[in-house]
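# Close look at the chain arrangement
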Amino acid sequence: MKKRVLAAVMAAAMTAGLVTGCGGSSDSGTQAAATQAAGETEGAKNDETKAAAASSDEEITLRMSWWGGDERNEATLQVIEQFEALHPNVTIEAEYGGNDGYHDKLATQLASGTAPDIVQVDPEIFPTYVNTGDYFLDYKDYNVDLSNFEEAYISVPINGNYDGKQLGLPTGISGAGIMVNKELADAIGLDFSKTYSWEDLIDMGKKVREYDDSMYLLCANKEYIVNLIVFNYAKQLIGDTVFNPETKALNMTEDQLKEVFDYVKRLYDEEVVPPASYQAAYSGDNLQSDTNWIGGKYVAALTYISTIDVMVAANPEAEYIMSELPILDGAAEAGWASNTPQVFAITSTCEHPEMAAEFMDYFFNNDEALATLGATRSVPPTEKARQICTENGSLTQVTMEGANIAAAMGGTPNDKISSSEESKTILFDSVETIGYGASSVEDVTKDAMSLLSGLGQ
């Protein structure tokens, strides 16, 4: 086994705060380091076309950096060793440890031309580097098979695509879904396997109540209603994100916000979801504790891909499938978005980009590598990888289905203002007020518009 000297150095240098999902947020140090040194990179960048892949007898060394926990680290090291066994002339030096300080260090390395050849990057920080300098190579210029990725998934910026260039590749997938108790849905005559509208969802809720008035269609609370219904309905309605990410202005009119809130009121009035007073006992990410979910009194549940298995475990006797996701009639924006917890990029200072690309092709497409990596970077980003993980037991069938549906939707992720704690608190309070009937939709809308409009100023 080749020595991992740099790995030990990095592990000792970085703090113990390991991250297994999304990395930490970009801070002013990262932005400043990247911006200050942007001009310095011009001399460090290689303007000439890189040479063809080295012959089998040429000794090649690549550096690869990432953060993660023990399981991720071990799996990644195994994949490196597999590749090295196939390429005896190649050594991949692993630099890994905790997330704390990772991106400040990487910003300095990119600016000075000393970054590793292959780097794992937080997708929310990646645009800072992309906008600051020409730091990354386009995977499309190299022999990397991208056909296993859903085009709708890798073609959005959050997953590494900028101006048509695939500067990063997503390591996993996160997103939302609707999980269905298939036996119960079949008994009532509800079909979740085809595309349907938000109006259809209301009609399904009515049928459930007619079938058994102790049951509801959706297991949900105010937080899930905001995150999965309000935002997605709104994006489909306006054809854009709720806030303009450039101007910070609210993209919605008062009439449009009222239409969204009118729909929320109908969810409560038509008893598609349980009463707000009942939901209050199971707020936040506590839906799996809902006694009616455990007792099989819901046909479906709003969920995230990462919480599907948790919901299944709360009522394991049922057979579950994942629903298609509702679309507003005439919507120009899919709304439902999925994104990755990390991206992998090849830096422009890499002296052997063809070999780096060959390793990335192995990392994302080779069956043995995919089986080894499993779900150590969340749900795998390609259907091929998810199928392998389902077959070997590291990923459940229902989670794979949810990831496939989410990846295929291709909606635009929420803007940062919408995703802020301030914005969500305003919307949580609005939905709760509507659910309790404490104020009219008109008044709730006016109050929310006033508060939301102030966030972008």
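### Overview of the pairing of strand β12 (residues 343-346)
Judged by which residues are buried, β12 turns out to be covered on both faces: Val343 and Ala345 on one side and Phe344 and Ile346 on the other are all buried. Taken together, the four bridges between strand β3 (residues 118-121) and β12 define a ladder with antiparallel strand orientation. By the bridge assignment for β12, Val121 is matched with Val343. With two bridges joining them, strand β6 (residues 169-170) and β12 adopt antiparallel strand pairing. Paired with Pro170 across the two strands is Val343, which belongs to β12.

### Here's the deal with the sheet that holds β3
Sheet architecture is open: five strands sit in the order β2-β1-β3-β12-β6, paired in mixed fashion. Here the strands that pair on one side only, and so sit at the sheet edges, are β2 (90-97) and β6. The sheet contacts of helix α4 (residues 70-86) involve β1 (60-67), β2 and β3, and relative to β2 the element is tilted by about 175 degrees. Set on the sheet, helix α15 (residues 353-365) makes contact with β1, β2, β3, β6 and β12; between it and β12 the angle comes to about 160 degrees.

### Some words on the confidence of the model for the protein chain
One rule of thumb: low pLDDT means the predicted coordinates there are not for detailed reading. The pLDDT averaged across the protein chain works out to 88; a share of 88% of its residues lies at or above 70. Here residues 1-55 is modelled with pLDDT under 50, and outside its nearest four sequence neighbours on either side it reaches 100 contacts, counting other chains as well.

### Observations concerning the environment of Leu427
Within the fold, Leu427 resides in helix α19 (residues 421-436). For Leu427, the contacting residues outside a window of four places in its chain are Val226, Phe231, Phe261 and Leu452.

### A few points about the environment of Thr445
Positionally, Thr445 belongs in helix α20 (residues 441-455). Overall, the relative accessible area of 1% leaves Thr445 in the buried class. Filtering out sequence-adjacent residues up to four positions away, Thr445 remains in contact with Glu254, Leu257, Lys258 and Phe261. Among the polar contacts listed, one links the side chain of Thr445 to the backbone oxygen of Val441, at a separation of 2.7 Å.

Cut-offs used in this document
Residues numbered from 1 in each chain as written. Predicted model: local features only at pLDDT ≥ 70, side-chain atom pairs only at ≥ 80, totals over all residues. Heavy atoms only, no water. Buried < 20%, exposed > 50% of the residue type's maximum accessible area, 1.4 Å probe, protein only. Helix = DSSP H or I, 4+ residues; strand = E, 2+ residues; numbered from the N terminus. Pairing = 2+ DSSP bridges. Contact = heavy atoms within 4.5 Å. Axes fitted to C-alpha atoms, helices over the stretch in contact; angles between N-to-C directions. pLDDT = per-residue confidence, 0-100. Polar contact = N/O pair within 3.5 Å; in protein donor to acceptor, adjacent residues only side chain to side chain.

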